[in-house]
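Now for the letters of each chain:
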Amino acid sequence: MSRFEAFALPPGFEPPDVSDRGRGTDRNPGVGAAEDGGGMLVVRFDEAGASMLLDRLYQSGELLARRGVRELATILGQVGARFLDPRDELRREAEARLPAEAGLGSAMARRVIEGMARDWSEERLHRLLEEEFEDPEVLDGLRTSRTGRHIAATGGHMAFHLGAGNVPGVGTTSLLRSLLVKCPLVLKPGRGDVTLSVLFARGLAEVDTAVAGSLAVIYWPRESPDALARQLLTRADRVVAYGGSRVVAELRSQLPATTPLVAYHHRVSMGAVSREALMNASEARRIADAAARAVTLFEGHGCVSPRMIWIEKGGAIAPEEWAAMLAECLAALHVDWPPASPTPADAAETRLMREAAEMRIAAAGVGKLIGDPGLSWTVLLEPGEPRLEVSPGRTVHLHPLESLEELPLRLKPLSSVLQTLALEAPEPRKRALAQALQRSGITRVTTFASQPWPPSWWLHDGSGPLRSLVRWIEVEP
Amino acid sequence: MNVLELEEERSELASALLAAMGEGADRIWSDDRFNALALRVLCYQARANPAYGALLRHRGIDPSRLTDWECAPWVPTRAFRELPLACTAPSPPEAIFRTSGTSMGGQTRGEHRVRDLSLYRASLLPTARRFLRPELDAPPASGPAAARREAGTIPGAHRAEPALRVLALTPSPSDLPDSSLVFMLGTLAEAWDDGGGGFFARPDWSLDIDALRKAIGQAQEEGQPVLIAGTAFAYVHWLDMVRSSWLPPLPWGSRALETGGYKGRSREVPRHELHREIASTHGIAPDHIVNEYGMTELLSQFYEPASWQGEPAEGESTGHLGPPWIRTRILAPVSLQSVRPGEVGLLAHFDLANLDSVSAVLTEDLGVQVQEGFRVLGRITGSEPRGCSLAMEDLLAARRQGL
């Protein structure tokens, strides 16, 4: 594979002379390129180069502010739509690079691109604005609210968005949010999410150089931050971070007290299947199929990926039977969406998890472990006091429950890290259960079928995705 | 088989093992010898250890029909956190060693219930002697070493052993009775120390710098060779504390044992650098600094012997070696079969000294075969998750907050 530039700089900001490794050129002092371990070209900045780039982005904010928010949504949506067209050049390059970059099989990579890009279309971005703001034009200037207040919303001068991990598309969704609230940004995508965000920035530059001038996508290995990484911490007036607790805590400690940080730390999602949903085999199988897809998509790496499923006893289909159905569906998906080979560490972790589980099952005399010999997928059903465990890849832990009404109590220990619950129950029980979970930490209740794909306007970890990026101004009479 | 018969079988096995260990850790055992003992141990554990017996039944394995110890089911170390893995015994265990709990965020600590500490002693002493004091088994020589050997011999030791003062950078066995490492160092001190050594960490593992400094000065004055022994993080703390000051070099014949990971307790230093720093700070010959690899779940240990003939090239490892009563396999995670030479796999050890718990132990360490031994590449757990989904470690941290 050819060397891929792991960066997209504002149009007109001369790209570094890649033959002049790490030293920069006459026109761009202090900007250079080097190759990271994965064969990508990584741009490196010294103090002067970083300062030039950030000045440039800062200034671009003036131009961005003059564009109407509706117009922005349209322009951005045009670029996003390219990823939905299998013949488009950007889409093809994304498809070619994603499997290796994100550790996904090709079929899964295509499914992930389509699922993520659906939310980058014009229609969805306009809907996002409408869902987030009663009057989206508050982003263009002062507006009079329904109750007669004079208010406007602003997204700040310059943001730093920091991605971690290899769920593809997270960075692109993040940069779209920032541009929609008219805030120029530097996005550092996660190591497994470089391609889509760089390609999006390139596509944007083809459509509108002025808007593209407000965006820099730059990947650098976490272990070797450069001057840009340091300057961003002091100059960005909005920071958005996706990462584990350690990454978020470290970032928090490095930021000035006045810089707002929106942190999407790692979370755990789950499923719950009611006894009513297990009353007949065809419905139970339909749910098992949807659950298997949710488990499999993103190879368990997504914060929306269900890692454990609670099954209520008392249905016509016993938890053991449903576990077997789920296993069959996972086996089928292993054919449709073959996984990339697991890393040695993931394979080892799965092996140890299985061996330990088998010992517990043997000792307790109950429980079931079903998995393929290649360690690609595992269903583990253990009755008794639930062990709250997560395991890598396509592994799901099933916990039988006497009643789903126990859930609020069961979930209490995890409240700070919960996110999505796929709740398969008929109304009105679903609503009642969701109501009981209101204070549990769960921020999204959905179905297995929808679980992997929250809409762009979802309350991401409990907050509006655009509203959490803006600051309001009110002019009182 | 009734309880009495089981006890009789156990007693015969323990005697056989103690006798075999008494022959020394440098003996070479034939495959047949190891296999015969291992199969007997397996059969005993299948009957005496309820959890292991259940696993064998679950898999439909009749241990009495096994002909090869490698066909025994492996028990992952994490099972020591989840199940009682001791064989039934007529009396309470003599010790309960606990893991530090670092590998899974400290949720629960693994327990190794040790019925009979004499097996642990019988395993660790000859092994330590082989790798820490190889000159004792070398042909007699004349000169200062031989002269020193005459003085301060330990009564009842395997052979006339000159004293080696033990300065341990750990808490004392009375402060930390549930640490298998501390017990091991305590045993070495009982066997080798001349009465001048001690334990120089407080129960929270912080070092008593002044006392250690004083002990080193005293050993130097007396010309008494010492064994400094501690975890990698303790060495880093110690070396950081004394870097700016001068320490008298330790007497000729002194040596250092370094073990364990960092467990987040100090900055991490590559091993060869740490050994170089230990060598330069204490005036210990680089080939007298030895890494030990052990774990709470095993009563036998491995050592990476320095060549004792010269410093190995940087980064080059001679591999970890153990006594003949433990055998190691490097297993492919998918098949649980031995990997081809040079391939990375999970380290699995069959330790006969684990008579009273389980012998077939599958670790969480990845390793690779090196010469006669193996090199440890590191733990599989604790790596950063690669998505936005929660890692087990974060989940455990959240549970601690939420409970």
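Calculation notes
- Residues numbered from 1 in each chain as written.
- Chains lettered and ligands numbered in written order.
- Predicted model: local features only at pLDDT ≥ 70, side-chain atom pairs only at ≥ 80, totals over all residues.
- Heavy atoms only, no water.
- Buried < 20%, exposed > 50% of the residue type's maximum accessible area, 1.4 Å probe, protein only.
- Helix = DSSP H or I, 4+ residues; strand = E, 2+ residues; numbered from the N terminus.
- Contact = heavy atoms within 4.5 Å.
- Polar contact = N/O pair within 3.5 Å; in protein donor to acceptor, adjacent residues only side chain to side chain.
- Salt bridge = Lys/Arg side-chain N within 4 Å of Asp/Glu carboxyl O.
- Pairing = 2+ DSSP bridges.
- Axes fitted to C-alpha atoms, helices over the stretch in contact; angles between N-to-C directions.
- Parallel < 35°, antiparallel > 145°, perpendicular 65-115°, else oblique.
- Left-handed = near helix turned anticlockwise from the far one by under 90°.
- Core = buried A, V, L, I, M, F, W, Y, C linked by side-chain atoms within 4.5 Å.
- Phe/Tyr/Trp six-rings, centres within 6.5 Å; stacked < 30°, edge-to-face > 60°.
- Buried area = accessible area lost by both parts, 1.4 Å probe.
- Nonpolar A, V, L, I, M, F, W, Y, C, P; charged D, E, K, R; others polar.
- Expected span 1.5 Å × (residues − 1).
- pLDDT = per-residue confidence, 0-100.
- 1 Å grid on protein atoms, 1.4 Å probe; cavity = no way out; pocket = protein on both sides within 12 Å on 5 of 7 lines; lining within 4 Å.
- Points joined across faces, edges and corners; volume = space filled by probe spheres on them.

Peer 1: Explain helix H3 (residues 50-58) of chain B here, please?
Peer 2: For an α-helix the count is 3.6 residues per turn, leaving residues at separations of three or four pointing the same way. Buried residues of H3(B): B:Ala51, B:Tyr52, B:Gly53, B:Ala54, B:Leu55 and B:Leu56, and no others. Buried residues in H3(B) make contact with helix H13 (344-364) of chain A together with helix H2 (31-48), strand S1 (75-76) and strand S12 (360-370) of chain B. Where H3(B) begins, the side chain of B:Asn49 points an oxygen toward the backbone nitrogen of B:Ala51, at a separation of 3.1 Å. Note on H3(B): the residue one or two positions beyond its end, B:Gly60, has a positive phi of about 70 degrees.

Peer 1: Quick question: what am I supposed to make of the pattern of salt bridges here?
Peer 2: If charged atoms from side chains of opposite charge come close, those side chains can pair. In this structure the tally under the stated criterion is 64 salt bridges over all chains. Across the salt bridge formed by A:Arg70 and A:Glu137, the nearest N and O atoms sit 3.7 Å from each other. A residue pair is termed long-range when its members are at least 10 positions apart, and A:Arg70 in helix H2 (residues 69-82) and A:Glu137 in the loop between helix H5 (122-132) and strand S5 (143-144) qualify at 67 residues. Among the residues examined, A:Arg70 registers a relative accessible area of 27% and is labelled partly exposed. For A:Glu137, a relative accessible area of 26% translates into the label partly exposed. With a closest N to O distance of 3.9 Å, B:Arg40 and B:Glu12 form a salt bridge. Pair noted here: B:Arg40 is in helix H2 and B:Glu12 is in helix H1 (residues 3-22), with a separation of 28 residues, a long-range link. Judged by its relative accessible area of 43%, B:Glu12 is partly exposed.

Peer 1: Looking at this structure, I do not really get the sheet that holds strand S10 (residues 238-243) of chain A. What am I missing?
Peer 2: Strand-to-strand pairing in sheets goes through backbone hydrogen bonds, with the strands running parallel or antiparallel. Residue and element names in this part refer to chain A. Taken together, the 6 strands give an open sheet; going across it, the order is S2-S9-S8-S7-S10-S11, and neighbouring strands pair in mixed fashion. The sheet is open, and its two edges are formed by strand S2 (7-8) and strand S11 (261-265), each paired on a single side. Across 4 bridges, strand S7 (residues 159-162) lies against S10 in parallel orientation. Across the sheet, the residue bridging to Leu162 is Ala241, located in S10. Strands in contact with helix H1 (residues 47-66) are strand S8 (185-188) and strand S9 (215-218); relative to S9, the strand with the most contacts, it is inclined by about 145 degrees.

Peer 1: Explanation requested: the packing of H2(A) against helix H7 (residues 194-207) of chain A in the structure shown.
Peer 2: Between two packed helices, the angle of one axis relative to the other and the distance separating the axes together describe the packing. All names here are of chain A. Relative to each other, H2 and H7 sit at 125 degrees, their axes nearing to 9 Å. As judged from the angle between their axes, H2 and H7 are oblique. In this structure, the crossing between H2 and H7 has a hand that is right-handed. Packed against H2, whose contacting residues are Ile75, Leu76, Gln78, Val79, Gly80 and Arg82, the element H7 presents Phe200, Gly203, Leu204, Glu206 and Val207 at the interface.

Peer 1: Looking at this model, I keep getting lost on the nonpolar core. Mind explaining?
Peer 2: Ranked by internal contacts, the top residues of the largest apolar core, which has 129 residues, are A:Phe83, A:Ile218, A:Ile309, A:Trp322, A:Leu326 and A:Leu398. In this structure A:Ile218 touches A:Ala6, A:Phe7, A:Leu9, A:Val43, A:Phe45, A:Leu53, A:Val186, A:Leu187, A:Lys188, A:Pro189 and A:Leu228, once residues within four positions along its chain are discounted. By size, the runner-up hydrophobic cluster in this structure holds 94 residues, among which are B:Leu124, B:Leu132, B:Trp325 and B:Leu331.

Peer 1: When you look at the packing of aromatic side chains in this model, what are you seeing that I'm missing?
Peer 2: Centre distance and the angle of the planes are the two values used to describe a pair of aromatic rings. All names here are of chain B. According to the stated counting rule, one finds 20 aromatic pairs over all chains in the structure shown. Centroid distance Trp69 to Trp74: 6.5 Å. Interplanar angle 80 degrees. Geometry classified as edge-to-face. The pair Trp69 / Trp74 is uniform in exposure class, with both members buried. Measuring from centroid to centroid gives 5.7 Å for Phe97 and Tyr120, while their planes differ by 65 degrees, and the two rings are edge-to-face.

Peer 1: Looking at this structure, how should I read unusual backbone geometry?
Peer 2: Backbone phi values are negative for most residues with the exception of glycine, while trans is the configuration of most peptide bonds. Following A:Glu427, the chain continues to A:Pro428 via a peptide bond in cis, the omega torsion being 5 degrees. Note that A:Pro428 resides in the loop between strand S17 (418-424) and helix H15 (429-436). Its identity is not glycine, yet A:Asp461 carries a phi of approximately 55 degrees, on the positive side. We note that B:Trp205 has phi near 75 degrees; this positive angle belongs to a residue other than glycine.

Peer 1: Where do I start with the interface of chain A and chain B in this structure?
Peer 2: A common way to report how large an interface is uses the accessible area buried once the components associate. Contact with chain A, which involves 47 residues of that partner, is made by 43 residues of chain B. With both sides pooled, the region where chain A packs onto chain B buries about 3800 Å², and carbon together with sulfur makes up 62% of that total. Together, A:His266, A:Leu352 and A:Met359 form the three largest contributors to the area buried by chain A at its contact with chain B, with a combined 20%. Connecting chain A to chain B are 5 salt bridges. For the salt bridge of A:Arg360 with B:Glu82, the shortest nitrogen-to-oxygen distance reads 2.8 Å. Applying the counting rule to chain A against chain B returns 7 residue pairs in polar contact (both at pLDDT 80 or more). Broken down by secondary-structure element, the contributors of at least two residues to the side of chain A that touches chain B are helix H10 (245-254), strand S13 (306-312) and H13 of chain A. Broken down by element, the residue count for the side of chain A that touches chain B peaks at 17 residues, all from H13(A). Across the side of chain A that touches chain B, the residue classes break down as 23 nonpolar, 11 polar and 13 charged.

Peer 1: What is the right way to look at H13(A) in this model?
Peer 2: Taking 1.5 Å of rise per residue, 21 residues should cover 30 Å, and H13(A) covers 30 Å from first to last C-alpha, within 8% of that figure. Looking one or two residues past H13(A), A:Gly365 carries a phi angle of roughly 80 degrees, positive in sign.

Peer 1: What is the right way to look at the confidence of the model for chain B in this model?
Peer 2: Detail in the predicted coordinates should be disregarded across regions flagged by low pLDDT. Residue and element names in this part refer to chain B. Residue-level pLDDT values for chain B average 87, and 85% of them are 70 or greater. Low pLDDT (under 50) marks residues 143-159, which in the prediction has 28 contacts with non-local residues, meaning those over four places away or in another chain. Overall, residues 308-312 carries pLDDT values under 50, and its contacts beyond four positions in sequence, including any with other chains, amount to 10 contacts. Quick note on the complex model: pTM equals 0.88, ipTM equals 0.87.

Peer 1: Would you mind going over the sheet that holds strand S12 (residues 268-273) of chain A with me for this structure?
Peer 2: Residue and element names in this part refer to chain A. Strand order in the open sheet made by the 7 strands is S14-S15-S16-S13-S12-S17-S18, with mixed pairing throughout. In the strand order of this sheet, the two ends are held by strand S14 (368-371) and strand S18 (444-446), each with one partner. Across this sheet, the average inter-strand angle for adjacent strands is 20 degrees, counted without regard to direction.

Peer 1: Can you walk me through the side chain of A:Gln451 in this structure?
Peer 2: Relative to the elements of secondary structure, A:Gln451 occurs in the loop between S18 and strand S19 (471-475). Those residues in contact with A:Gln451 that sit more than four places away from it in its chain are A:Ser269, A:Met270, A:Ala294, A:Val304, A:Pro306, A:Thr420, A:Leu421, A:Ala422, A:Arg444 and A:Thr446.

Peer 1: What am I meant to see in empty space enclosed by the protein here?
Peer 2: Using a probe with the size of a water molecule, rolled over the atoms, empty space left in the structure can be pinpointed. Residues and elements named next belong to chain A. As enumerated under the stated definition, the model contains 6 cavities of 30 Å³ or more in all. When its volume is computed, the largest cavity comes out at roughly 350 Å³. Lining the largest cavity we find 24 residues, and of these Met116, Val170, Pro454, Trp458 and His460 sit closest to its centre. Only helix H4 (106-117), helix H6 (170-180) and S11 provide two or more residues apiece to the lining of the largest cavity. With 3 residues, H6 is the single largest residue contributor to the lining of the largest cavity. Residues belonging to the lining of the largest cavity are distributed by class as follows: 15 nonpolar, 6 polar and 3 charged. If you add up the space inside the second largest cavity, you get close to 90 Å³.

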